[in-house]
Amino acid sequence: MASSNAVFNTGRRMVSSPSSWEPRLGYSRGVRVGNQIFIAGTAATDGEDRVQGTDAYSQTDFIIRKIQTALRELGADLEDVVSTVTHLSDFAHFDDYARAHSKYFGEIRPVNTTVLAALVRPEFFVEITATAVIAE
């Protein structure tokens, strides 16, 4: 993950991924302010905008590992996640998504909201946003 750890007088640190979406829309993959980390909606794309995974399980697995990379760059890890918000393109993907989400978060048990949404590209089945809090 290409990182730009800009620090502002607010103590805000940001990281970016190789995604083309971030510069086009003007956002960061992750932002840390104090002990809180906010991870942007993350889809299963690599650095060349290729979709990774042909089903909701494999896309969710890729997304959570991408989120974990951003968290680690900001000094956290998955066990610091307190909330995930998931957008599914079709609730037919729910069981596969849930199985992958549980693989990573089953013991951590963050709060979660899962909603049905039209995603940016038809081959996207899942998009996940995460919030983490690092213990002080």
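These numbers were taken from a predicted model, which means no experiment stands behind them.

A full pass over the atoms with the stated rule returns 2 aromatic pairs. Residues F91 and F94 carry aromatic rings whose centres are separated by 6.4 Å and whose planes lie at 50 degrees to one another, so their mutual orientation is tilted. Judged by its relative accessible area of 42%, F91 falls in the partly exposed class. Centre to centre, the rings of F94 and Y97 are 5.8 Å apart; their planes meet at 65 degrees, and the pair counts as edge-to-face. With F94 and Y97 both in helix α3 (residues 94-105) and 3 residues apart, the pair spans about one turn of that helix. With a relative accessible area of 33%, F94 lands in the partly exposed category.

Counting residues in hydrophobic clusters, the biggest one holds 25 residues, and the most contacted among them are I37, L71 and V126. Elements with a minimum of two residues in this core: β3 (36-42), α2 (56-73), β4 (81-88), α3 and β6 (126-133). Look past the residues within four positions of I37 in its chain and what remains in contact with it is V31, R32, L71, L74, A76, A130, T131, A132 and I134.

Moving on, we come to the layout of surface pockets. The calculated volume of the largest pocket comes to roughly 200 Å³. Forming the boundary of the largest pocket are 13 residues, of which W21, Y27, G41, V120 and E127 lie nearest the centre. Contributions of two or more residues to the lining of the largest pocket are made by α1 (21-25) and β3. Of the residues contributing to the lining of the largest pocket, the split by class is 6 nonpolar, 4 polar and 3 charged.

Definitions and limits used
- Residues numbered from 1 in each chain as written.
- Predicted model: local features only at pLDDT ≥ 70, side-chain atom pairs only at ≥ 80, totals over all residues.
- Heavy atoms only, no water.
- Phe/Tyr/Trp six-rings, centres within 6.5 Å; stacked < 30°, edge-to-face > 60°.
- Buried < 20%, exposed > 50% of the residue type's maximum accessible area, 1.4 Å probe, protein only.
- Helix = DSSP H or I, 4+ residues; strand = E, 2+ residues; numbered from the N terminus.
- Core = buried A, V, L, I, M, F, W, Y, C linked by side-chain atoms within 4.5 Å.
- Contact = heavy atoms within 4.5 Å.
- 1 Å grid on protein atoms, 1.4 Å probe; cavity = no way out; pocket = protein on both sides within 12 Å on 5 of 7 lines; lining within 4 Å.
- Points joined across faces, edges and corners; volume = space filled by probe spheres on them.
- Nonpolar A, V, L, I, M, F, W, Y, C, P; charged D, E, K, R; others polar.

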